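# Summary of structural features
These are the residues of each chain, in order.
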Amino acid sequence: MRIVALITLAAATCWSADAAFGTWKLNAARSTFAGDTQPKSLTVRIEPHAKGEVFTLDRTEANGRATSSSILLYFDGTARAFRDAGCSGTQSSRRLDSRTVEIFRDCASGQWTRFIRRSGAQPNELVLEITEHHPDGRRFERRLVLEKQ
């Protein structure tokens, strides 16, 4: 009987820690897009993985062009090789606290991007704060509010 109680407690603990798992859609009216054009649609999927999480971003531009990118987040702070259309360099991820995740991309071009993902004020809300720094000194900050589907 104690084992069942421990398993139930462990499952409940994991559920609260994994509340970010699922599909999230952008609420454009509550988001800011400094230095970027507002997409026609943006969806984030967060799925469990044996080594961390899989974070997938699907974006459709106003002109209809669709892109999708998926990354494995290890949450150990280790910089690993990373490459996508706009960046060749390293990426690291770590949990800042029980509600907050940091993803940091450092590109060979001198550009870097920091993503902070945190639980929102409402239980069905996720906030993605993106800071992008360019080699010429330009800096852009975006705040995307996503709602669980």
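Residues numbered from 1 in each chain as written. Predicted model: local features only at pLDDT ≥ 70, side-chain atom pairs only at ≥ 80, totals over all residues. Heavy atoms only, no water.

The next subject is the overall build of the protein chain. Scanning the protein chain from terminus to terminus reveals one helix and 11 strands. Each helix (α) and strand (β) of the protein chain, taken in turn from the N terminus, gives the series α-β-β-β-β-β-β-β-β-β-β-β. Looking at the 149 residues of the protein chain, the share that counts as buried comes to 35%. For the protein chain, the proportion of contacts with a sequence separation of at least 24, taken over those separated by at least 6, is 25%. Split by element, the accessible area of the protein chain, about 9,000 Å² in all, is 54% carbon and sulfur. (Helix = DSSP H or I, 4+ residues; strand = E, 2+ residues; numbered from the N terminus. Buried < 20%, exposed > 50% of the residue type's maximum accessible area, 1.4 Å probe, protein only. Contact = heavy atoms within 4.5 Å. Areas by Shrake-Rupley, 256 points an atom, 1.4 Å probe, with all protein chains shown as cover.)

Here strand 6 (residues 80-84) runs beside strand 7 (residues 87-97); their pairing, made up of five bridges, is antiparallel. Among the inter-strand pairings, Arg-83 is bridged to a residue of strand 7, identified as Ser-88. Hairpin connection from strand 6 to strand 7: two residues lie between these consecutive antiparallel strands. Note that strand 7 and strand 8 (residues 100-107) share eight bridges and pair antiparallel. Looking across to strand 8, one finds that Ser-92 is bridged to Phe-104. Turn length for the strand 7-strand 8 hairpin, with the two strands adjacent in sequence and antiparallel, is two residues. (Pairing = 2+ DSSP bridges.)

Moving on to the environment of Ala-34. Here Ala-34 is to be found in the loop between strand 2 (32-33) and strand 3 (41-49). On the basis of relative accessibility, which here comes to 39%, the residue Ala-34 falls in the partly exposed class. The contact partners of Ala-34, leaving out residues within four places of it in the chain, are Phe-140, Glu-141 and Arg-142.

Attention now goes to the nonpolar core. Counting residues in hydrophobic clusters, the biggest one holds 23 residues, and the most contacted among them are Val-44, Ile-46, Phe-55, Leu-128, Leu-144 and Leu-146. Those elements that place two or more of their residues in this core are strand 1 (22-26), strand 3, strand 5 (66-73), strand 8, strand 10 (125-133) and strand 11 (139-148). With residues up to four places along the chain from it excluded, the contact list for Leu-144 reads Leu-26, Ser-31, Thr-32, Phe-33, Leu-42, Leu-126, Val-127, Leu-128 and Ile-130. (Core = buried A, V, L, I, M, F, W, Y, C linked by side-chain atoms within 4.5 Å.)

Examined bridge by bridge, strand 3 and strand 4 (residues 52-60) share nine bridges and lie antiparallel to one another. Each residue of the ladder has a partner; that of Ser-41, found in strand 4, is Thr-60. In terms of strand pairing, strand 4 meets strand 5 through eight bridges, oriented antiparallel. If you follow Arg-59 over to strand 5, its bridge partner there is Thr-67. Count of turn residues in the strand 4/strand 5 antiparallel hairpin: five residues, of which Gly-64 carries a positive phi of about 95°.

What follows covers unusual backbone geometry. Most peptide bonds take the trans configuration, and most residues that are not glycine carry a negative phi. One non-glycine residue, Phe-75, lies in the positive phi region at around 65°. You can see Phe-75 is positioned in the loop between strand 5 and strand 6.

Looking now at the packing of aromatic side chains. The final tally for this structure, using the stated rule, is one aromatic pair. The ring of Tyr-74 carries Arg-80 above its face, with NZ or CZ at 3.7 Å from the centroid. Its end group placed over the ring of Phe-75, Arg-95 keeps NZ or CZ at 4.2 Å from the ring centre. (Phe/Tyr/Trp six-rings, centres within 6.5 Å; stacked < 30°, edge-to-face > 60°. Lys NZ or Arg CZ within 6 Å of the ring centre and 35° of its normal.)

Working definition of a disulfide: a covalent bond connecting the sulfur atoms of two cysteines. In the structure shown here, the tally under the stated rule is one disulfide. The disulfide partner of Cys-87 is Cys-107, and the gap between their sulfur atoms is 2.1 Å. Measuring the twist about the S-S bond at about -115°, one finds the Cys-87-Cys-107 disulfide to be left-handed. Placement of the pair is Cys-87 in strand 7 and Cys-107 in strand 8, with a sequence separation of 20 residues. Neither residue differs from the other here; Cys-87 and Cys-107 are each classed as buried. (Disulfide = S-S within 2.5 Å.)

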